[in-house]
Structures are given as C-alpha cells and as structure tokens.
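# Understanding the architecture of this molecule
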Amino acid sequence: MNWKLRSAWLAAAIALVVMGTACGSTTSGGTASKGNITVAGFKFSEGSVLAELYGQALQHAGYTVKFNLNLGTREVVSPAIKTGQVDLYIGYAATDLEFYNSGAGEATGFAQDTANKLNVHLNPLGLEALTPSPAQDQNAFAVTKATAQKYNLKTLSDLAAVSNQLVMGAGPECQTRPFCLPGLQRVYGIKFKSFKTLDTDGPLTRAALAKGDIQVGLVFSSDGDLNAKGLVVLQDDKHLEAADNVVPIMRQAAATDEVKTLLNNIDAKLTTADLVTMNSQVSIQHQDPDAVAVAYLQQHNYFS
C-alpha cells in the first residue's frame, strides 16, 4: 500500500524498467576515495533531485559515488538495495513503511515515529532508515492566495470554520480515501459545500482553482508549480496525513558513522519549501537535477 494517491501511475513503470539499462555515472570528490557508494533514484524528477543532493554531498566529502537515476519504483529499487546493487536511496517515511510492511497501516502523522517503525522492518534486511527530514512530499490541500487572505486560512483547522462555504476539487478516489474527504471530516470536522470530481493533483484541479470553480484542491506538498500558480498549502496541524517525510535508506554495511552524520546533517536542514524550489527549477525552468543539487549544497555551505 502506498499512501500517496499518485502511486498508481508509478507502478505502471515497473514493467518498463530493466536493471541493466539504468543510467549511471561514477564520480569522486578527490584522488583518494573513502569508499564506493551507489545512489539510486526513483523514476520521477524529485527522485533524481534528491539522489543528486545526497550523492553530491557524499562525493564532495571524498566518496566515489555512482548515480543510478530513474531506476524505477520501489518494486525495482527495493530488490536492488536488498541485494547490494545500490547502497542508498532517498525514500519517504510513510510510503516506505507501508511498502515494507505490506500495507499493515502502521504509518502515523509523526515522522520519527513512522521512521522508527520502518526500521523494525528494514533492520532484519540489513537496511537502515536515517533521521527523517522536515521536508515532505505528501497529499496536501491548497487554496489560492486570494482565498487564504479572504478567509484568513493557514491551517486545515482554520478551513473547518468556513468549509461549508467552499467547493473542494480532486480526483474521484478522494471521496472514499481515508486521507482525503473522509479524513478531513473525521479529523477536522470539515464539510464542504460541494465536491467537484476533477483529477489528482493535475491540470484540471489547477485550472478550477484559477477560475474559482473550486476553492480547495488536492495537491502534493512539494509540487514545483505551487509558487508559480499562487497556491498556498494549508498546514495539516492535526496530522491527518501519514508522515511522508524525506528519509535516506541505506545498506547497513555502507552506513558508517561519518556517512550517517553527513546525510543526517542534510536531512536536518532540508525543508518542504526547499523541495518546492528545486522541483520548480527542474520541472519549470528545465535545469538539470545535478546542477540544482550542487547549487543548493553551495548555497547552504555544504561545500565550504
């Protein structure tokens, strides 16, 4: 089970991915390597950004890094890390927990709690989830800046007080998924004036928000176009959504204290706003993920 509603289309890529054809390159930060680390990336642009971000930091610290970007979905990446074909991938706490526990429903809205439960399943496999980042890529609910200002909306709790005046739009599955309409009603008491069946975080939802046909739409919290579209994500202050915080997942054999300290340092500073910015640079400005990652690391003094 994958908590994010977009998981269905990702699964369709499984049959198209062949391990031997994955794009990879090997680089080192110096003449004397501290060791070899292969970093895998999921088959979407944010996966490449995150793989480059953590991999470039390791490279600068003196490790020889092979990048295996666009490797595929978890159904491809997980066997690769279990067998040692890759050493590290950047996952998401709740989605990875529910993948490794076969959809047992253990994920919560709290990142460290979810990561701890994830490690219960990873450790017997010789794997380890490091410290989860504040950065999240998960289901979120957005309004336009004008709507946020009109109703003084910052959180989903704020939305509850005016929801009966507003129209919600999303994909049809939102009406039955526990982390969409039913969850909003159960956790926050939110009841909308009406619901429009559109798409899941797609162009129909964006257009309806822009036209005012809906006032609330389902998005993903790290979408690169949120700022460009003038959308405001409302804070999930009661933790309805399972915590899909960014978290590095490593083979224990490669997870030395130095490596873990370096990667955890990146985790601690990475924010959802950072993800939105980097995703925008790749998806809208068409910059290369490796250049975007290097610029972020330089800006935040990781290369000093």
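Everything quoted here is computed from the prediction, not taken from an experiment.

### Describing the side chain of N245
Mapped onto the fold, N245 is located in the loop between β10 (231-233) and β11 (246-251). In terms of polar contacts, N245 uses its side chain to reach the backbone carbonyl oxygen of S133, at 2.8 Å. Contact partners of N245, with chain neighbours within four places excluded, come to G91, Y92, A93, A111, P132, S133, P134, A135 and Q136.

### What about the sheet that holds strand β7 (residues 167-170)?
Strand order in the open sheet formed by five strands is β8-β7-β9-β6-β10, and the pairing between neighbours is mixed. Each of the sheet's edge strands pairs with one partner strand only, and the pair in question is β8 (194-197) and β10. Averaged over all pairs of adjacent strands, the angle between strand axes in this sheet comes to 35°, irrespective of strand direction. Here three bridges tie strand β6 (residues 139-144) to β10, and the two strands are oriented antiparallel to one another. Pairing of T144 across the sheet is with L231, part of β10. Lying over the sheet, helix α9 (residues 203-211) contacts β6, β7, β9 (216-220) and β10, oriented at roughly 140° with respect to β9.

### A closer look at the environment of T272
When you line up the elements, T272 lands in helix α11 (residues 272-283). Considering only alpha carbons, one finds T272 and D223, 49 residues apart in sequence, at a separation of 9.5 Å. Residues within four places of T272 in sequence aside, it is in contact with P134, A135, Q136, S221 and S222.

Cut-offs used in this document
Residues numbered from 1 in each chain as written. Predicted model: local features only at pLDDT ≥ 70, side-chain atom pairs only at ≥ 80, totals over all residues. Heavy atoms only, no water. Helix = DSSP H or I, 4+ residues; strand = E, 2+ residues; numbered from the N terminus. Polar contact = N/O pair within 3.5 Å; in protein donor to acceptor, adjacent residues only side chain to side chain. Contact = heavy atoms within 4.5 Å. Pairing = 2+ DSSP bridges. Axes fitted to C-alpha atoms, helices over the stretch in contact; angles between N-to-C directions.

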